[in-house]
Amino acid sequence: MTNAEEKELECFMEGLKKRNPHQEEFHQAVHEVAASVMPWYLQHEDYRKAQILERVTEPDRIIIFRVTWETDTGEIRANRAYRVQFNHSLGPYKGGLRFHPSVNQSVLKFLGFEQIFKNSLTGLPMGGAKGGSNFNPKGKSDAEVMRFCHSMMTELHRHIGEDIDVPAGDIGVGSREVSYLFGQYMRLENRWSGVLTGKGQSFGGSAVRTEATGWGCVYFCEHMLQHHNEDLAGKRVAVSGSGNVALYAAQKLIEKGAKVVTLSDSKGCIHAKDGLDQEQWEELRVLKEENRGRLNAYESSGVEYHDGAKPWGFACDIAMPCATQNELDGDDAKKLVKNGVIAVAEGANMPTTMEAIDTFRSNGVLQAPGKASNAGGVAVSGLEQSQNAMRISWDDDEVDKRLQDIMKNIHKRCVEDGGDGEKVNYIDGSNIGGFKKVARAMLAYGAV
Ligand code: NDP
Ligand code: 2IT
């Protein structure tokens, strides 16, 4: 970046921070995109005059509401819920719902903002949105989660629709929650529509949606390695998280002959020096997905539990953060580099801090940013919308083939827009590739 470009970026960020005080996660996500696109933006006077960067960083609207519900023992609880409808230039708003105590406006604005460019990269007609609540589903009974979801939808249903805004899952929201939300939507509207994705397969859900984010991340990682004359087979991969994305990333990695050496949760990490085998993976899937258990309950030969540890201190060739934002910081990046890591593929959204990104970049580590490498989930959500609209359902092979094609095309787009050097800059590639399409649409609409 030239000095003049740096100055413009600084000036732009100063204004953004003033307009959005105390929203660190949102500042971080915007800074990353703005730094990538600034040189292109400054060369295009028409986009500048139309204030595209200023407009695309301001959400179309944010809906904030109270969700009141009753515990099993008859106590009343109230949580705060949100839907950030960020930008619908490319299609109806689309993005997940997160239930986690850390949910606040800054987190959902960063996620909604990322979603705009991620959805653009998929090539499908989807705008960007995100929502959720500070409700903590951990330790709640099914009945309590149902009452919370029904109460949340009692407000949310007014703001969504198959051609308006189509929510889905994210942290703390899986098929159980999507089903409760969908049931209440149907009761209130008295009609069936594909208003949520990630539904059960017997009532309109797509094949491969459960697997899509994790599998897509592995497909992207494979393209990235092959483009740089490397391969997945035999590589040791440190995966973080043990939820939807982490589990299915691990499944595909094992299938492709890589060694999954770690999985984690918010309390600790399991380490398998020689990699997990398929049987162990299935035991872990049942523990996490069916029994909602914790990793410290898992015992198997060759697998050790490390209380309070993160995966990044263990020797590996590839890091695949699949848990949450900023889970891999500068010190973690230094440890990974010291241990010889060659690539990072993000399954989570913005899991790597700015300091860690700098460390990877200056050490020549390949880095696939979430908005490119985790786009497989929302891409199959887009395919679920298409199937619902057509009243048909594709089988596993058909959806998987389309998912593989989409991930290949996203990789190609990243190379086109970030591929000048010896190693592709996937962060610039995904930001510029995703941004240009949205910017073109916004310019075409005029001052709306
Ligand atoms: P899940 O709720 O299924 O799993 C989340 C996992 O991350 C759990 O293992 C959880 O551990 C861990 N985790 C969550 N918060 C923290 C935290 N603050 N510190 C440490 N560990 C944490 O969520 P998903 O797998 O669906 O989502 C994981 C990531 O992938 C998120 O960043 C999400 O935005 C992103 N993503 C998800 C997609 C999807 O289709 N589901 C699509 C694209 C991206 P614990 O159980 O202990 O809390
Ligand atoms: O971050 C994401 O892309 C998701 N949580 C999936 C969103 C979706 O609409 O499937």
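Residues numbered from 1 in each chain as written. Chains lettered and ligands numbered in written order. Predicted model: local features only at pLDDT ≥ 70, side-chain atom pairs only at ≥ 80, totals over all residues. Heavy atoms only, no water.

A. Quick look at the pattern of salt bridges. Per the counting criterion, the structure on display carries 30 salt bridges. The shortest N-O distance in the salt bridge between Asp 317 and Arg 236 comes to 3.1 Å. Note that Asp 317 is positioned in the loop between strand E9 (304–307) and strand E10 (318–320) and Arg 236 in strand E6 (residues 236–239), a separation of 81 residues in sequence. Here Arg 236 falls in the partly exposed class, since its relative accessible area comes to 28%. Note that Arg 285 and Glu 289 form a salt bridge whose closest N and O atoms lie 2.7 Å from each other. Here Glu 289 and Arg 285 lie together in helix H10 (residues 278–290), a separation of four residues that amounts to about one turn. According to the relative accessible area criterion, Glu 289 is partly exposed, its value standing at 32%. Taken together, the shared-partner salt bridges connect Glu 282, Arg 285, Glu 289 and Glu 290 into one network. (Salt bridge = Lys/Arg side-chain N within 4 Å of Asp/Glu carboxyl O. Helix = DSSP H or I, 4+ residues; strand = E, 2+ residues; numbered from the N terminus. Buried < 20%, exposed > 50% of the residue type's maximum accessible area, 1.4 Å probe, protein only.)

B. Summary view of the packing of aromatic side chains. Overall, the coordinates contain 17 aromatic pairs when judged by the stated rule. When the ring of Phe 113 is compared with that of Phe 117, the centres are 5.0 Å apart and the planes differ by 80°; the resulting orientation is edge-to-face. Taken together, the residues span about one helical turn, with Phe 113 and Phe 117 both in helix H5 (residues 105–122) at a distance of four residues. Phe 117 matches Phe 113 in its accessibility class, with the two residues each being buried. Seen in terms of ring centroids, Tyr 248 and Trp 281 are 5.7 Å apart; in terms of plane orientation they differ by 70°. Their pairing is edge-to-face. Of this pair, Tyr 248 sits in helix H9 (residues 244–255) while Trp 281 is found in helix H10, placing the two residues 33 residues apart along the sequence. Judged by its relative accessible area of 6%, Trp 281 is buried. Aromatic rings pair up to connect Phe 26, Trp 40, Tyr 41, Tyr 47, Phe 86, Phe 113, Phe 117 and Phe 435 into one cluster. (Phe/Tyr/Trp six-rings, centres within 6.5 Å; stacked < 30°, edge-to-face > 60°.)

C. View of the sheet that holds E9. Spatially, seven strands are ordered E9-E8-E7-E6-E10-E11-E12 in an open sheet, and the strand pairing comes out mixed. The open sheet terminates on both sides in strands that have one partner only, identified here as E9 and strand E12 (366–368). Going across the sheet, the axis of each strand differs from the next one's by a mean of 15°, ignoring polarity. Here four bridges tie strand E8 (residues 268–271) to E9, and the two strands are oriented antiparallel to one another. (Pairing = 2+ DSSP bridges. Axes fitted to C-alpha atoms, helices over the stretch in contact; angles between N-to-C directions.)

D. View of the environment of Tyr 219. In this fold, Tyr 219 is placed in helix H8 (residues 209–227). When sequence neighbours within four positions are dropped, the list of residues in contact with Tyr 219 reads Lys 252, Lys 256, Asp 400, Leu 403, Gln 404 and Met 407. Within the structure, the side chain of Tyr 219 is placed 3.3 Å from the side chain of Lys 252, a separation counted as a polar contact. (Contact = heavy atoms within 4.5 Å. Polar contact = N/O pair within 3.5 Å; in protein donor to acceptor, adjacent residues only side chain to side chain.)

E. Region of interest: the site of ligand 1. In the vicinity of ligand 1, 25 residues are found, and the nearest of them are Asp 170, Thr 213, Ser 266, Arg 294 and Asn 349. One nitrogen or oxygen atom from the main chain of Val 245 is found 3.0 Å from an oxygen atom belonging to ligand 1. Protein contact buries 83% of the 880 Å² of open area that ligand 1 shows by itself. Those elements that provide at least two residues to the shell around ligand 1 are H8, H9 and strand E7 (259–265). (Near = heavy atom within 4 Å. Areas by Shrake-Rupley, 256 points an atom, 1.4 Å probe, with all protein chains shown as cover.)

F. Spotlight on helix H16 (residues 426–445). Here H16 is 20 residues long and its end C-alpha atoms lie 29 Å apart, about the 28 Å a rise of 1.5 Å per residue gives. Immediately downstream of H16, the backbone of Gly 446 shows phi near 80°, a positive value. (Expected span 1.5 Å × (residues − 1).)

G. Highlighting the state of the cysteines. Counted according to the given criterion, the structure contains zero disulfides. Here Cys 221 is not cross-linked by a disulfide; its sulfur's nearest cysteine counterpart is in Cys 217, at 6.7 Å. A relative accessible area of 0% places Cys 221 in the buried class. Free of any disulfide, Cys 269 has its nearest cysteine sulfur in Cys 316, 11 Å distant. (Disulfide = S-S within 2.5 Å.)

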